[in-house]
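Residues per chain are reported as follows:
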Amino acid sequence: MSYELPHLEALEAESIHIFREVAAELERPVLLFSGGKDSIVLLRLAEKAFRPARFPFPIMHVDTGHNFPEVIEFRDRRIAELGERLIVSQVQDSIDAGRAVEETGPRASRNRLQTVTLLDAIEKHGFDAAFGGARRDEERARAKERVFSFRDDFGQWDPKRQRPELWSLYNGRIKRGEHVRVFPISNWTELDVWRYLDAERLEVPSIYYAHTRSVFERDGMLYAHSSHVELIDGEQPFEESVRYRTVGDMTCTGAVRSQARTLETVVAEIAATRITERGETRADDRVTEAAMEDRKREGYF
C-alpha cells in the first residue's frame, strides 16, 4: 500500500490549500477568469475548495474587446452554470476615459492595455488578492514568480522583493494600497492542466480543439483573420485546420496546425511537443527578450 498521492491529486491538494489560505488571510479576493484552460481549472479547484457554499469572492474578466467570440460565449455560460458573480472590466472603457491609448497599424494590440484596466478594477473594488492561472513553466519571468506575488501600491512587481515560501507557508500581510496576486497552479505544467481537464471531463472553449479557420501567416505564426487585425501587403487569408494552445487577444494569439479534436488527442499532442505554449503562440512575448517581465513590472497579470 502506498501513502503517496498520485501526481495530479497532489497538485490538486496543494492548489485547494492555497485557495483556502487566501480566503482565511485576506479580506477581498477576486478570481481572474479569461475563459481559458488554466482559469477553467481554477474554477474547478475553487469548487472543490468551497462547495457547497458560494465562492467567498467574485470572478472578474478583463475584456480587451478583441477576444475570440467562442471564448466569450463559454465564459458567460460557465459562470451562469456556477451561479457566481461575474465582473467584466472593459479595456474600451479605459480608452474612452483617456486612461489608455489605442494602438494603430497592422501590429496594433490591446493586450498591453489590459494592465491599466486591471489595476483600475482592483482599486475600484478594493481587492487585496487576485487569483490567476499563471504557471512557472510558461515563461522565464513567470518562473521567478512566487505563489503569493506581492504588488506595491502602484500595482508593480519587483522580483527582488518577493517573500520566501519555505515549507509552503504563505505570508499574506500587506499594507494599505498593496495587493497580492496568487497563483494556485504555479507548480503545474501545461500537460498537467490537460491531464486534469481530461480526468475531470471539463468542458473547454471549442477553439482548443482542431477546427477549420480562416488564418494568415505572419512572423512564423498563424493568426485568425478578423476585423481586429489589419493585414500587411502580401498577407493572404487561407483555410487551415488549427487549434489554440492558449486564449488571449485575437491580435497577438497564434494558432497551431493540428488534427487533435478530443481531450485524449490533445493530451497526446502536448506530451510530444517541446515548445512552450507562449513561445509558440504569443506574439506579445516576442517583442523583446524580457517582454513578459517588463509587462509584469508594470502590473500585468
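Just so we're clear, the structure is a prediction, and the values are computed from it rather than from any experiment. (Residues numbered from 1 in each chain as written. Predicted model: local features only at pLDDT ≥ 70, side-chain atom pairs only at ≥ 80, totals over all residues. Heavy atoms only, no water.)

## Section: the nonpolar core
If you look at soluble globular proteins, the nonpolar side chains tend to sit buried side by side. Judged by nonpolar contacts, the single largest core of 57 residues is most densely connected at Phe19, Leu31, Phe148, Val182, Trp194 and Leu197. Top contributing element to this core by residue count: helix H2 (residues 37–50), with eight residues. Ignoring sequence-local partners within four residues, the contact set of Val182 consists of Ile18, Val22, Ala129, Ala130, Phe131, Gly132, Val147 and Phe148. By size, the runner-up hydrophobic cluster in this structure holds 14 residues, among which are Ile87, Ile95, Phe127 and Ala130. (Core = buried A, V, L, I, M, F, W, Y, C linked by side-chain atoms within 4.5 Å. Buried < 20%, exposed > 50% of the residue type's maximum accessible area, 1.4 Å probe, protein only. Helix = DSSP H or I, 4+ residues; strand = E, 2+ residues; numbered from the N terminus. Contact = heavy atoms within 4.5 Å.)

## With respect to the pattern of salt bridges
Tallied over the entire structure, the rule returns 27 salt bridges. Across the salt bridge formed by Glu84 and Arg51, the nearest N and O atoms sit 2.8 Å from each other. Of the two residues, Glu84 is situated in the loop between helix H3 (69–82) and strand E3 (86–90) and Arg51 in the loop between H2 and strand E2 (59–63); the sequence distance between them amounts to 33 residues. According to the relative accessible area criterion, Arg51 is partly exposed, its value standing at 29%. Across the salt bridge formed by Arg151 and Glu145, the nearest N and O atoms sit 3.9 Å from each other. Look at Arg151 and you get buried, because its relative accessible area is 1%. By relative accessible area, which is 3% here, Glu145 ends up buried. Counted as one network, the salt bridges with shared partners bring together Glu12, Arg44, Glu47, Lys48, Glu73, Arg77, Arg78, Glu81, Glu200 and Glu203. (Salt bridge = Lys/Arg side-chain N within 4 Å of Asp/Glu carboxyl O.)

## Things to note about the packing of H2 against helix H7 (residues 190–200)
Two elements in contact, H2 and H7, have axes whose closest approach is 10 Å; the angle formed by their N-to-C orientations is 55 degrees. Looking at the two axes, H2 sits oblique to H7. Pair H2 / H7 crosses with left-handed handedness. Of the residues in H7, those touching H2 at Lys37, Asp38, Ile40, Val41, Arg44, Leu45 and Lys48 are Glu190, Val193, Trp194, Tyr196, Leu197 and Glu200. Of the residues in the contact of H2 with H7, the class split is seven nonpolar, no polar and six charged. (Axes fitted to C-alpha atoms, helices over the stretch in contact; angles between N-to-C directions. Parallel < 35°, antiparallel > 145°, perpendicular 65-115°, else oblique. Left-handed = near helix turned anticlockwise from the far one by under 90°. Nonpolar A, V, L, I, M, F, W, Y, C, P; charged D, E, K, R; others polar.)

## Structural notes on the pairing of strand E1 (residues 29–32)
Of the two faces of E1, the one holding Pro29 and Leu31 and the one holding Val30 and Leu32 are both buried throughout. Pairing analysis gives three bridges linking E1 to strand E4 (residues 129–131), with the strands arranged parallel. For Leu31, the partnering residue across the bridge sits in E4 and is Phe131. Pairing of E1 with E2, which is carried by two bridges, proceeds in the parallel orientation. Residue pairing across strands places Leu31 opposite Ile59, the latter belonging to E2. Remark: the E1/H2/E2 crossover connection has right-handed handedness. (Pairing = 2+ DSSP bridges. Right-handed = clockwise from strand over helix to strand, strands pointing away.)

## A closer look at the pairing of strand E7 (residues 211–218)
Side chains on a regular strand alternate between the two faces of the sheet. By the bridge criterion, five bridges tie E7 to strand E9 (residues 238–243) in an arrangement that is antiparallel. Its bridge partner being in E9, Thr212 is matched across the sheet by Ser241. If you look at the hairpin formed by E7 and strand E8 (residues 221–224), you'll find two residues sitting between the two strands, and Asp219 has a positive phi there, around 55 degrees.

## A closer look at the sheet that holds E7
Strand order in the open sheet made by the four strands is E8-E7-E9-E10, with antiparallel pairing throughout. Among the strands making up the open sheet, the edge pair consists of E8 and strand E10 (256–257). As judged from the four bridges shared by E7 and E8, these two strands associate in the antiparallel manner. Looking across to E8, one finds that Glu217 is bridged to Leu222.

## Considerations on the packing of aromatic side chains
Aromatic ring pairs are described here by two measures, namely the spacing of the ring centres and the angle between the planes. On inspection of all chains with the given rule, the structure shows 11 aromatic pairs. Taking 6.2 Å as the distance between ring centres and 25 degrees as the angle between the ring planes, the aromatic pair formed by Phe19 and Phe57 counts as stacked. With Phe19 in helix H1 (residues 7–25) and Phe57 in the loop between H2 and E2, the pair connects residues that are 38 residues apart, well separated along the chain. Accessibility assignment for this pair places Phe19 and Phe57 in one class, buried. Ring geometry for Phe50 versus Phe57: centroids 5.7 Å apart, planes at 80 degrees, classification edge-to-face. Exposure remark for Phe57: the relative accessible area of 5% places this residue in the buried category. Taken together, the aromatic side chains of Phe19, Phe50, Phe55, Phe57 and Phe131 make up a single cluster linked through ring pairs. (Phe/Tyr/Trp six-rings, centres within 6.5 Å; stacked < 30°, edge-to-face > 60°.)

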